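Residue-level structural notes
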Amino acid sequence: MAENVPYYHPVGKEIEVFTHAYQNRLPILLKGPTGSGKSRFIESMACQLNKKLLTISCHEETSSTDLIGRFIIKGAETVWLDGPLTIAIKEGYLIYLDEIAEARPDVIVAIHPLTDHRRELFIDKLGETFKAHEDFMLVASFNPGYQRGFKELKPSTRQRFVAMTFNYPNAKIETEILINESKVEPEMAKKLVALGIKIRNLSELGLTETVSTRLLVDAGKLIQSGLSKRLAVKVAVVEPLTDDPQILSALNDLTDLMI
Ligand code: ADP
């Protein structure tokens, strides 16, 4: 196994599923809220498989050109420059398209032939089709977001992937993650996790995104580096969640009570 595998604590059967999907070179879609460990999982799996990983954070301007490549002018010549997806299919890397639903529709069109038995990429600007290296694998993530403003993925696209849901881990596992990631004392880790769970259950607050494991880890890190614990929670957990003065004040009160 490769050295320095990034720490990832399994939450369900995701390692088993990924291993089999990789053996069959099936593309994978990781569904779940932000900060739930999707990226860390892929980093860890790529490292365990000893494969290079290219990560692209998709946003609304991400186009197929950004992934596939473009002609650039070099001196008096125009030369073709492979994009990350083309590099990954040629070299046999894993590519992780984070938040794929955010990307422009031409990205989805471009990856379709890579997600079925063809495993190929057509580059219209070169008029060539490239077969993917046998080690190549496509992984994408998607935040199903039950709130307004989140983009959907078309069923015809979703059905091209093996899909797994990532949720926040249970209290025991999340406490272990906090201890490992932030080196915070176990007692404090437990308190942070309890606060996280409490806020997640306060659905009446109507938060667009709730407390992620990432936010709790950040709070743990600030505490570990010497920031007072309540201030750490306020700036790492409460403030990132909302700008609404009433909700801020309610969450700060809750923090004072639980931390
Ligand atoms: P996502 O990609 O879902 O937005 P990340 O993978 O970036 O989330 O996770 C955010 C942080 O939370 C990581 O940097 C890590 O510190 C922590 N984390 C979340 N889940 C796990 C897990 N299962 N094992 C280890 N660390 C985790």
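Residues numbered from 1 in each chain as written. Predicted model: local features only at pLDDT ≥ 70, side-chain atom pairs only at ≥ 80, totals over all residues. Heavy atoms only, no water.

**Quick look at the site of the ligand**
Not every one of the 16 residues close to the ligand is listed here, only the nearest: Gly35, Lys38, Ser39, Arg40 and Glu181. Note that an oxygen atom of the ligand is positioned 3.1 Å from one of the backbone N or O atoms of Gly37. Out of a free accessible area of 560 Å², the ligand has 91% covered by protein chains. Among the secondary structure elements, those contributing two or more residues to the shell around the ligand are α2 (38-48), α7 (171-182) and α9 (213-224). (Near = heavy atom within 4 Å. Polar contact = N/O pair within 3.5 Å; in protein donor to acceptor, adjacent residues only side chain to side chain. Areas by Shrake-Rupley, 256 points an atom, 1.4 Å probe, with all protein chains shown as cover. Helix = DSSP H or I, 4+ residues; strand = E, 2+ residues; numbered from the N terminus.)

**Some points on the environment of Leu231**
Residue placement: Leu231 occurs in helix α10 (residues 229-241). When its relative accessible area of 41% is taken as the criterion, Leu231 is described as partly exposed. Considering only alpha carbons, one finds Leu231 and Gly196, 35 residues apart in sequence, at a separation of 15 Å. (Buried < 20%, exposed > 50% of the residue type's maximum accessible area, 1.4 Å probe, protein only.)

**Here we look at the pattern of salt bridges**
Within this structure, the stated rule accounts for 16 salt bridges. Between Glu43 and Arg40 there is a salt bridge, with the nearest N and O atoms lying 3.9 Å from each other. One end of the pair is Glu43 and the other is Arg40, both in helix α2 and three residues apart, which spans about a single turn. Residue Arg40 is classed as partly exposed on the basis of its relative accessible area, which comes to 28%. A single network of salt bridges, built from pairs that share partners, joins Arg25, Lys51 and Asp135. (Salt bridge = Lys/Arg side-chain N within 4 Å of Asp/Glu carboxyl O.)

**Things to note about the environment of Leu222**
Here Leu222 shows up in helix α9. Between the C-alpha atom of Leu222 and that of Val235, which follows or precedes it by 13 residues, the distance is 9.3 Å. Once you skip the residues sitting within four places of it in the chain, Leu222 turns out to touch Leu227, Ala232, Val235 and Ala236. (Contact = heavy atoms within 4.5 Å.)

**Considering unusual backbone geometry**
One non-glycine residue, Arg25, adopts positive backbone phi at about 50°. As for its placement among the helices and strands, Arg25 is situated in the loop between α1 (14-23) and β1 (28-31). For Arg25, a relative accessible area of 23% puts it in the partly exposed group. Positive phi is not limited to glycine here, since Asn50 has a value of about 65°. As for its position among the elements, Asn50 is in the loop between α2 and β2 (53-57).

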